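Commentary on secondary and tertiary structure
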Amino acid sequence: MEAIETRHGGTVVIEARGRLDSNTARSFEEKLLGAIAPADPVMVVDCSQLDYVSSAGLRVLLMAAKRVKAAKGRLALCGLKPHVQEVFDVSGFSSIFVIHPNRAAALAAFP
Amino acid sequence: MTEPSTEPPCQDGSIPAMGPPPLRQSLTLECRIDDLVRIPRWFEEACSFPGLPSDLLFDLMVCAYEAAANIILYGYDNPKGHAITLEFARSDDVLVLSIEDDGRPFNPLERPEPPAVSTIADAPISGRGILLIRRLSDGLEYSRAAQYNRLVIRRNLVPRCEPCRKVQE
């Protein structure tokens, strides 16, 4: 999988592409956690090109969310495809993550 | 052929038309994380058939992936040289996936249900694999015989309504 980092003002966007599973979770974890600023991080994980997420991928996203929260920052997800959304729904992640329909909406929520 | 069930589990459920004959496929994985990539390919190429809703096959694929990943990660001190056998079968009204391994005994049905969480801070980092298997299946059976674990996962060929698929808050 790929993780492409861009910046929009003070917001870091990580675009996840491909499959986030047991094979790819470790490298994505390094990329995602490495992009978290030490103070007041503001991040969006764009999942519009993410085809699959396994429990290993959920774990990485939750680790990042916890780290962002500990740094008093904000993290949102956007663009979940139906199968990824389903995994979020059944795991309960839909109710604990902030999820926007697309990147524009996510960035607009972080003025 | 027997008639499909006329009692779907949800009020808005419908029964897909089933035409093809029973299907049975198998896949043997090496006990390596990088061999897990064969699971989604196998489901797409060997287990699909006309009339099968793709969502149901996806659900079973998720179950297979999570179960196999658990076996590789936790089933052995050294998984090298061991194998996991997956068997997929379809009858008129159910998909059945059997997963066998010779790892240490492990009954996922005995694992307690993780508590419902409402915040990022409260959510435990791990333990979602078995939760996904439970939520995305309609029946689970575990047995241990001749040093083999056998997990049987059933998925009914009847769509469930959305509220049934979600964690109850």
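Everything here concerns the structure above.
Residues numbered from 1 in each chain as written. Chains lettered and ligands numbered in written order. Predicted model: local features only at pLDDT ≥ 70, side-chain atom pairs only at ≥ 80, totals over all residues. Heavy atoms only, no water.

1. Quick word on the state of the cysteines
Residues and elements named next belong to chain B. The tally for this structure, following the rule as stated, stands at 0 disulfides over all chains. With no disulfide of its own, Cys 31 has Cys 63 as its nearest cysteine by sulfur position, at a separation of 19 Å. Note on Cys 63: no disulfide assigned, nearest cysteine sulfur contributed by Cys 47 at a separation of 13 Å. (Disulfide = S-S within 2.5 Å.)

2. Topic: the packing of aromatic side chains
Within this structure, the stated rule accounts for 7 aromatic pairs over all chains. Centre to centre, the rings of Phe 88 of chain A and Phe 93 of chain A are 5.8 Å apart; their planes meet at 85°, and the pair counts as edge-to-face. Centre to centre, the rings of Phe 88 of chain A and Phe 97 of chain A are 6.0 Å apart; their planes meet at 70°, and the pair counts as edge-to-face. As far as burial versus exposure is concerned, Phe 88 of chain A and Phe 97 of chain A are alike and both buried. Of the aromatic side chains, those joined through ring pairs into one cluster are Tyr 52 of chain A together with Phe 58 and Tyr 65 of chain B. Between Arg 90 of chain B and the ring centre of Phe 49 of chain B, over which it is positioned, the NZ or CZ distance is 4.3 Å. (Phe/Tyr/Trp six-rings, centres within 6.5 Å; stacked < 30°, edge-to-face > 60°. Buried < 20%, exposed > 50% of the residue type's maximum accessible area, 1.4 Å probe, protein only. Lys NZ or Arg CZ within 6 Å of the ring centre and 35° of its normal.)

3. Quick look at the environment of Leu 131 of chain B
Following the sequence through the fold, Leu 131 of chain B ends up in helix H3 (residues 128–135). Residue class for Leu 131 of chain B comes out buried when judged on its relative accessible area of 5%. Separated by 68 residues in the primary sequence, Leu 131 of chain B and Cys 63 of chain B have C-alpha atoms spaced 9.6 Å apart. Excluding residues within four positions of it along the chain, Leu 131 of chain B makes contact with Val 90 and Ser 91 of chain A together with Glu 113 and Pro 114 of chain B. (Helix = DSSP H or I, 4+ residues; strand = E, 2+ residues; numbered from the N terminus. Contact = heavy atoms within 4.5 Å.)

4. Let's talk about the pairing of strand S1 (residues 2–8) of chain A
Residue and element names in this part refer to chain A. Judged from the 7 bridges that link them, S1 and strand S2 (residues 11–20) form a sheet pairing that is antiparallel. Across the sheet, residue Glu 2 finds its bridge partner in S2, namely Arg 17. Counting the residues in the hairpin turn of S1 and S2 gives 2 residues, including Gly 9, whose phi is positive at 65°. (Pairing = 2+ DSSP bridges.)

5. Here we look at the packing of helix H1 (residues 38–47) of chain B against helix H2 (residues 54–74) of chain B
Residues and elements named next belong to chain B. Where H1 contacts H2, the two axes come as close as 9 Å, and the packing angle between them is 145°. The element H1 and its partner H2 pack so that their crossing is right-handed. Where H1 approaches H2, its residues Ile 39, Pro 40, Phe 43 and Cys 47 are matched on the opposing element by Leu 57, Leu 60, Met 61, Ala 64, Tyr 65 and Ala 68. Class assignment for the residues of the contact of H1 with H2 results in 10 nonpolar, no polar and no charged. (Axes fitted to C-alpha atoms, helices over the stretch in contact; angles between N-to-C directions. Left-handed = near helix turned anticlockwise from the far one by under 90°. Nonpolar A, V, L, I, M, F, W, Y, C, P; charged D, E, K, R; others polar.)

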